[in-house]
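Here is how the chains run, residue by residue.
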Amino acid sequence: MAFRKKFTPRKKFCRFCADKEMPLDYKRPDILRDFVTERGKIIARRITGTCAKHQRRLTTEIKRARQMALMFYTTVHSTDVKKKTNL
């Protein structure tokens with residue numbers, strides 16, 4: 001039998017700790033969209049690799065962006081808005 005090399009996952013790191021200049025703000029929905037699924041759910045930190053401190057702040061900023069209508073709550077909201085704007 002041939003010995004297989006075991007798969008070792010890459011070490012996850014916090015993008016905000018690595019790049020101190022990266023703004024974590026509700027006014028930047030392009031950055032926040034990386035941490036939200038297409039269904040509108042916030043991705044867990046064990047998947048994204050963000051630290052606990054930045055995950056808490058990220059959650060509040062995503063919720064603020066949703067409240068200010070910079071981001072959608074669900075995919076249903078995004079399609080309704082697109083249909084109404086095309087009329």
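Residues numbered from 1 in each chain as written. Predicted model: local features only at pLDDT ≥ 70, side-chain atom pairs only at ≥ 80, totals over all residues. Heavy atoms only, no water.

- The name an unreviewed UniProt entry gives the protein chain is Small ribosomal subunit protein bS18, with Pseudodesulfovibrio senegalensis as the organism.
- The UniProt entry for the protein chain carries this comment under Sequence similarities (unreviewed entry): "Belongs to the bacterial ribosomal protein bS18 family."
- Quoted straight from UniProt, the Subunit (unreviewed entry) entry for the protein chain says "Part of the 30S ribosomal subunit. Forms a tight heterodimer with protein bS6." (UniProt positions renumbered as here; feature names shortened; annotations may be inferred.)

**Remarks on the pattern of salt bridges**
Next, step 1: As enumerated under the stated definition, the model contains 3 salt bridges in all.
Next, step 2: Across the salt bridge formed by R28 and D30, the nearest N and O atoms sit 3.6 Å from each other.
Next, step 3: For E61, the salt bridge identified is with R64, shortest N-O distance 3.1 Å. Here E61 and its partner R64 are both found in helix 4 (residues 52-67), 3 residues apart, which amounts to about one turn of the helix.
Next, step 4: We classify E61 as buried; its relative accessible area is 4%.
Next, step 5: Looking at R64, the relative accessible area reads 45%, which means it is partly exposed. (Salt bridge = Lys/Arg side-chain N within 4 Å of Asp/Glu carboxyl O. Helix = DSSP H or I, 4+ residues; strand = E, 2+ residues; numbered from the N terminus. Buried < 20%, exposed > 50% of the residue type's maximum accessible area, 1.4 Å probe, protein only.)

**Quick word on the side chain of T50**
Next, step 1: You can see T50 is positioned in the loop between helix 3 (45-48) and helix 4.
Next, step 2: Only 3.4 Å separates the side chain of T50 from the side chain of T48, close enough to count as a polar contact. (Polar contact = N/O pair within 3.5 Å; in protein donor to acceptor, adjacent residues only side chain to side chain.)

**Focus on helix 4**
Next, step 1: Under the 1.5 Å per step criterion, the end-to-end length of helix 4 is 23 Å for 16 residues, consistent within 8% with the ideal 22 Å.
Next, step 2: The set of residues buried in helix 4 consists of H54, Q55, L58, T59, E61, I62, A65 and R66.
Next, step 3: Contacts made by the buried residues of helix 4 are with helix 1 (15-18), helix 2 (29-32) and helix 3.
Next, step 4: Looking one or two residues beyond helix 4, the residue adopting positive phi is A69, at roughly 65 degrees. (Expected span 1.5 Å × (residues − 1). Contact = heavy atoms within 4.5 Å.)

**Focus on the state of the cysteines**
Every disulfide links exactly two cysteines, by a covalent bond between their sulfur atoms.
Next, step 1: Scanning the model with the defined rule gives 0 disulfides in all.
Next, step 2: Here C17 stays unpaired: no disulfide links it, and the sulfur of C51, its closest cysteine neighbor, is 3.7 Å away.
Next, step 3: The exposure class assigned to C17 is partly exposed, which follows from its relative accessible area of 34%. (Disulfide = S-S within 2.5 Å.)

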